[in-house]
Amino acid sequence: MHFKHPEILYFLFLLIVPILVHLFQLRRFKKEYFTNVRFLKALSIQTRKSSKIKKWLLLASRLLLLAFIIIAFAQPFFESKDSKNANNELYIILDNSFSMQAKGKKGELLKRAVQELLEETPENVNFSLLTNSENYWNTDIKSVRGALQNLKYSATPFQLDNIMAKIKAHKSAFKNDIVIITDAVGLDEKQLKNSDATDSPLFIIPKAEQKNNVSIDSVFINKTLENFYEISVQISGYGDDFNPIPISLYNEKKLIAKTIATLDTKKKNLNFTIPKQAFHGYFSIVDNGLTYDNTLYFSISKAKKTNIISIGEPSKSNFLSRIYTSEEFNFSNYTLSALDYNKLEEQDAIVLNELDEIPQALATTLKSFVEKGGNLIVIPSAISSIPNMNSFISNFGKLTFNSLENREKLITKINFNHPIFNSVFENKVTNFQYPKTKNSFVISSSSPAALSYEDQSVFLTSIANSVSAVAIFAAPINIENSNFQQSPLIVPTFYKMAMNNQNNGVNALIIGDNNPHLTEASLNKDAILTVKGLDEQFIPIQQILNNKVKMTFNDYPEQAGNFRIYNKKEWIENISFNYNRTESDLASANDNILSDYKTIESIPSLFNTLQTDRTDNQIWKWFVIFALLFLITEMAIIRFVK
């Protein structure tokens, strides 16, 4: 037993006072003589004996009364078993990612966790609350009650290592108690590396009862017809035994198509036909799983022709005119001697088709062209000067031309994950008629190859920056040197190289993806574009590039939806944003890796444990109660004991 004020125990010496009072009787007895005391002798002996017992009882009760009062003022207590951590700072990490929309036994996981925090957190407990999107330092439950009640789901996935780094950066003289409330979806061992063992993090893992979920993943133009687009939407199922899913297509707020999807495979594409015109709407499904991935917003701009110039001999550029047709492209070919440099800035893509030498003036112009969002396609000549080519390519990245090999090689490998071929093929093609080249340069590049030879050397690669790309071939593709022009690969390859970062397709950006977006707009230096939605508007980071504006959105907007881009009040373009689908698979909850960490069942259990283990057992109240009991005992002795 310990005392909060042990110095008060010195007053126990006062116990000698009632002892002295009882030992030295202050009252003297006076003898009174009666005529006959013979009959009173027995009564006198009995009275003296009972009086002596009463005095000892009064002495004992008064001593105990005074002792218990003195001890009560000294405030005795029993020290808690975890008293050394009683002053620890409490940090509560609350996962508010979209996977916490899943339903547990008592409703949505996040809403239930918030409710328990509001109900069970003691008002006198100070703590810091950190979520995926918000931080509240050194607060209490009263101060954050409103913020918790209005807490929204965050488009930012739960990254435990980033939040732990924030806590470590928040310097404190005390140890930390870290409580992590998460469903463990997407949690991996790498994120746990910043969980220092000295911090002793506690995990509360709410469990989802319903783990089936259907997600709309993507939308793209499958076919472009004369007057219509055939668009495909991909939906994914996570779990087993799905009911038929209704899916609807809206333009603005108008329903234009609806069907029922049966998920007989994990992923399924559904095709819809819409008029070939500007589109600003969304797909929507209804399922019993998460709701954040049930809507996919997208926009299709009014079709604009892409401007392309080929620089080279006309006889070698005939195949390009058959790919870049007049329905979609403004294509023209110029020889180097007849080239008008002023037209280059107006182009979306430029093809250098087997130039023997690239002049310095053209190299400088093309460097500026690529930096401002233009796409460049380089097809070397068999007699190109290697130093000249390397000097030119060095303007865009690390790639070098080495010696020319005079041997026939087959082009056998397609990198389906390369940006040039991403979303081009429905299935991976493994057996096709391999094109070949007779002469080719050996290329050294740090960029991955899009097409490779049978010996794994590069045939086609690209150097990408944030707004454009430079595609580079390792060999001439004229009909004398190669049959690549007759290969089925040539159309999608040249089409995608020219259309990189062009807005003629489906516009469906991902919130948090920092890839820049190019908008065609001619602005003054002081002009600023604004992005506006129904409930939100913001000004993105932007840079003027001739007749285009490069915009970077970072973590904006906060909510998915259809937006419009304005220059003051002038409408420029439609744009759409969606949440990343990383939280859709509820089966990816990885709580098995927490075997080395402490887990606790619920939030009420957390505070009960902290209260029990770290709160001293104050017993001074019991001494006050006993003092009162002995006071009552003394009064009873005086009144009833004769």
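Structure's up top.
We now turn to the structure provided with this report. Computed from a predicted model, the values in this text were never measured in an experiment.

1. Quick look at a nonpolar patch on the surface
Thinking step 1. A surface patch of nonpolar side chains, amounting to about 700 Å² of accessible area, comprises F11, L14, I16, V17, I19, L20, V21 and L23.
Thinking step 2. Note on placement: F11 falls in the loop between β1 (2–3) and α1 (16–23).

2. Digging into the pairing of strand β33 (residues 541–545)
Thinking step 1. Pairing of β33 with strand β34 (residues 548–552), which is carried by five bridges, proceeds in the antiparallel orientation. Residue pairing for β34: Q542 is matched across the bridge by M551.
Thinking step 2. Linkage of β33 to β34, two consecutive antiparallel strands, is achieved through a turn of two residues, within which N546 is found at a positive phi near 55°.

3. As for the sheet that holds strand β30 (residues 517–520)
Thinking step 1. The three strands lie next to each other as β30-β34-β33, forming an open sheet whose pairing is antiparallel. Every other strand in the sheet has two partners, leaving β30 and β33 as the edge strands with one partner each. The average angle at which neighbouring strand axes cross in this sheet is 25°, direction not considered.

4. Regarding the packing of aromatic side chains
Thinking step 1. Here the structure, examined in full by the defined rule, presents 28 aromatic pairs.
Thinking step 2. Judged by centre distance (6.2 Å) and plane angle (85°), the rings of F538 and F553 are edge-to-face. Of this pair, F538 sits in strand β32 (residues 537–538) while F553 is found in the loop between β34 and β35 (561–567), placing the two residues 15 residues apart along the sequence. Of the two residues examined, F538 and F553, each falls in the buried class.
Thinking step 3. Both rings, one in F553 and one in F577, keep their centres 5.0 Å apart while their planes meet at 85°; by these two values the pair is edge-to-face. Here the residue F553 occupies a position in the loop between β34 and β35, and F577 occupies one in strand β36 (residues 570–578), the gap between them amounting to 24 residues.
Thinking step 4. Overall, the relative accessible area of 1% leaves F577 in the buried class.
Thinking step 5. Members of the aromatic cluster, each reached through a chain of ring pairs, are F319, Y453, F459, F473, F484 and F494.
Thinking step 6. The positively charged end of K532 is found above the aromatic ring belonging to Y566, 5.2 Å away from the centroid.

5. A few points about helix α8 (residues 386–393)
Thinking step 1. Among all positions of α8, only N388, M389, N390, F392 and I393 are buried.
Thinking step 2. Tucked into the core, α8 has its buried residues touching β19 (349–353), α7 (360–371), β20 (375–379), β21 (399–405), β26 (458–464) and β27 (469–473).

Rules of the game
- Residues numbered from 1 in each chain as written.
- Predicted model: local features only at pLDDT ≥ 70, side-chain atom pairs only at ≥ 80, totals over all residues.
- Heavy atoms only, no water.
- Patch = residues over 30% accessible without salt bridge, like charges linked within 9 Å, V, L, I, M, F, W, Y side chains within 5 Å.
- Areas by Shrake-Rupley, 256 points an atom, 1.4 Å probe, with all protein chains shown as cover.
- Salt bridge = Lys/Arg side-chain N within 4 Å of Asp/Glu carboxyl O.
- Helix = DSSP H or I, 4+ residues; strand = E, 2+ residues; numbered from the N terminus.
- Pairing = 2+ DSSP bridges.
- Axes fitted to C-alpha atoms, helices over the stretch in contact; angles between N-to-C directions.
- Phe/Tyr/Trp six-rings, centres within 6.5 Å; stacked < 30°, edge-to-face > 60°.
- Buried < 20%, exposed > 50% of the residue type's maximum accessible area, 1.4 Å probe, protein only.
- Lys NZ or Arg CZ within 6 Å of the ring centre and 35° of its normal.
- Contact = heavy atoms within 4.5 Å.

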